[in-house]
Amino acid sequence: MSERIEVLQEIVERNQVWPVLAAKWGVENPVPPWKTSLDGLCDALDRAACDENIPDFKERRDEEDELSATVYPGLPYPENQLVALAHSLLARGVIDETELKQRLASIRERLEA
Amino acid sequence: MTDHDHDHDHERTVAPMVDEITDFEVLEIALRELCIEKGIFTAEEHRLMTEFAEQIGPTPAAHLVAKAWLDPEFKKLALAEPMTASKEVGVDWLHPTGWGTPSDFTAFQILADTPTVHNVIVCALCSCYPRPILGNSPEWYRTPNYRRRLVRWPRQVLAEFGLYLPDEITVHVQDSNQKHRFMVMPLQPEGTEDWTEEQLVEIITRDCLIGVALPKAGVTTNVITDTRPAIHPGAAG
């Protein structure tokens, strides 16, 4: 669980964290606009009942705390919550790193269209 | 903030926004889409949980729609004179309180859905929203992702909220402009014919009044999710 994952390390290194963005654009929102969607994602996952290796609520939160403290100590909240969740899903094989890389590229292309 | 020709005073009415797509925003969307595609949850379940996460209760706008569903004469008033109808649910657009500011608008219009037309609102240029009657806009409403894409690919964006509309239903995207504000009046869903106003307002959620969801019997805004406080070990970073 604690091994570094390349695709997530690249995101960490680019450092587009909310405090930086908020200062750059002069906004005062305490959390980024995707935060509530992430909350919805976590809640939906917690209620998922299927055969995949999905972490349950306690496992997800424990892994988030552990990863935030060990692999992602430099990330602020809620970026560490998001990246820890991605890490958990990749480490558990729910999501494949290659498909995540491809999806990140296609979504960015879509949003910048 | 994007360049545009609004004539109202953004310094006083609209907070600045981050007009930049970040890796983290993209990552959140990617995780969500992959989970949906793997059948772990649906887009609609996610939208619902997001709405809960924002802790939105029944708004004055929900009461207005419920009254209109129950009283055809009030519905006529709401569509013909929306600002008069708003007063009946406690909102005076000329002297709004709470989130509204007098400089927010000069016109308010209610967009009534029909069996063949579905309405959805956006502000493609910034984040204009009917705040006096609907409260603060949700975070996603203010993102470039929603603002830029809804006007061009409405069915795709609505599907991302779990709302799939058949081809025979026309999607009408209403872009707020200058000082106009809009809200959607959805159709009363089946199974609610004998409901009271208080029962109806529970299912007329904020997202239904924006147009990214449809009201359904049994689906309310008032479900409290199980949460535990987050620990922020990296907060100093």
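Our focus in this paragraph is the overall build of chain A. Looking only at helices and strands, chain A features six helices and zero strands. Mapped in sequence order, the helices and strands of chain A form the string α-α-α-α-α-α. Among the 113 residues that make up chain A, the fraction classed as buried is 38%. Put simply, 60% of the contacts in chain A that link residues at least 6 apart link residues at least 24 apart.

The subject of this paragraph is the overall build of chain B. Scanning chain B from N- to C-terminus turns up eleven helices and four strands. Of all 237 residues assigned to chain B, the portion counted as buried reaches 41%. Pairs at least 24 apart in sequence give 74% of the contacts found in chain B among residues at least 6 apart.

Let us look at the interface of chain B and chain A. Tallying the contact residues gives 46 residues for chain B and 50 residues for chain A. Taken together, the elements giving at least two residues each to the side of chain B that touches chain A come down to helix H2 (23–37) and helix H3 (43–53) of chain B. A per-element tally of the side of chain B that touches chain A places H2(B) first, with 13 residues. Its residues assigned to classes, the side of chain B that touches chain A shows 23 nonpolar, ten polar and 13 charged.

Residues and elements named next belong to chain B. On the secondary structure map, Leu134 appears in helix H7 (residues 131–134). A sequence separation of 49 residues divides Leu134 from Met183, and the C-alpha atoms of the two residues are 8.4 Å apart. In this view, Leu134 contacts Thr59, Ala61, Tyr129, Met183, Arg206 and Leu209; residues no more than four positions away in its chain are not counted.

Before going further, it helps to examine the pairing of strand E2 (residues 117–122) of chain B. Residue and element names in this part refer to chain B. For E2, the tally of buried residues reaches five of six residues, placing the bulk of the element in the interior. In terms of strand pairing, E2 meets strand E3 (residues 170–175) through six bridges, oriented parallel. Across the sheet, the residue bridging to Val122 is Asp175, located in E3.

Turning our attention to the nonpolar core. Ranked by size, the top nonpolar core spans 46 residues in total, and within it B:Ala61, B:Val65, B:Val120, B:Met183, B:Ile204 and B:Leu209 carry the most contacts. With seven residues, the single largest contributor to this core is helix H4 (residues 60–70) of chain B. With residues near it in sequence (within four places) discarded, B:Leu209 still touches B:Ala61, B:Ala62, B:Val65, B:Leu134, B:Met183, B:Val184 and B:Ile204. Residues A:Ile11, A:Ala44, A:Tyr72 and A:Leu82 belong to the second largest nonpolar core, which totals 36 residues.

Our next topic: helix H3 (residues 35–46) of chain A. Residues and elements named next belong to chain A. Look at H3: 17 Å from first C-alpha to last across twelve residues, which is about the 16 Å you get at 1.5 Å a residue. Burial of H3 is extensive: twelve of the twelve residues sit out of reach of the surface. Among all positions in H3, only Lys35, Thr36, Ser37, Leu38, Asp39, Gly40, Leu41, Cys42, Asp43, Ala44, Leu45 and Asp46 are buried.

The next subject is the confidence of the model for chain A. Scored by pLDDT, chain A comes out at a mean of 91, with 97% of its residues at no less than 70. The weakest mean pLDDT in chain A belongs to H3(A) at 88; the strongest belongs to helix H1 (residues 6–14) of chain A at 97.

Geometrically, a packed helix pair is captured by the angle between its two axes and the distance between the axes. Residues and elements named next belong to chain A. At their nearest, the axes of helix H4 (residues 57–70) and helix H5 (residues 79–91) sit 9 Å apart, and the two run at 110° to each other. Classified by the angle their axes make, H4 and H5 are roughly perpendicular. In the packing of H4 onto H5, the handedness of the crossing is right-handed. Along the contact surface, H4 presents Arg60, Glu63, Glu64, Leu67 and Ser68, while H5 presents Asn80, Gln81, Ala84, Leu85, His87 and Ser88. Class assignment for the residues of the contact of H4 with H5 results in three nonpolar, five polar and three charged.

As for its position among the elements, B:Thr114 is in the loop between strand E1 (107–112) and E2. Residues B:Thr114 and B:Thr170, 56 residues apart in the sequence, show an inter-C-alpha distance of 9.6 Å.

Our focus in this paragraph is the environment of B:Glu33. Residue and element names in this part refer to chain B. In this structure, Glu33 sits in helix H2. The class of Glu33 is partly exposed, set by 16 C-beta atoms lying within 10 Å. Residues Glu33 and Ala43 lie ten residues apart in sequence; the distance between their C-alpha atoms is 8.1 Å.

Between its first and last C-alpha atoms helix H6 (residues 97–111) of chain A spans 21 Å; for 15 residues at 1.5 Å apiece the expected length is 21 Å, and the two agree. Summarising the contacts, the buried residues of H6(A) are in contact with H1 and H5 of chain A together with H2 of chain B.

Bringing the packing of H3(A) against H2(B) into the picture now. Here H3(A) crosses H2(B) at 30°, and the two axes come no closer than 10 Å. Taken together, the axis directions place H3(A) and H2(B) in an arrangement best described as roughly parallel. Here the hand of the crossing between H3(A) and H2(B) comes out left-handed. On H2(B), the residues touching A:Ser37, A:Leu38, A:Leu41 and A:Leu45 of H3(A) are B:Glu28, B:Leu31, B:Arg32 and B:Cys35. Its residues assigned to classes, the contact of H3(A) with H2(B) shows five nonpolar, one polar and two charged.

Thresholds applied
Residues numbered from 1 in each chain as written. Chains lettered and ligands numbered in written order. Predicted model: local features only at pLDDT ≥ 70, side-chain atom pairs only at ≥ 80, totals over all residues. Helix = DSSP H or I, 4+ residues; strand = E, 2+ residues; numbered from the N terminus. Buried ≥ 20, exposed ≤ 12 C-beta atoms within 10 Å, placed from the backbone. Contact = placed C-beta atoms within 7 Å. Nonpolar A, V, L, I, M, F, W, Y, C, P; charged D, E, K, R; others polar. Pairing = 2+ DSSP bridges. Core = buried A, V, L, I, M, F, W, Y, C linked by C-beta atoms within 7 Å. Expected span 1.5 Å × (residues − 1). pLDDT = per-residue confidence, 0-100. Axes fitted to C-alpha atoms, helices over the stretch in contact; angles between N-to-C directions. Parallel < 35°, antiparallel > 145°, perpendicular 65-115°, else oblique. Left-handed = near helix turned anticlockwise from the far one by under 90°.

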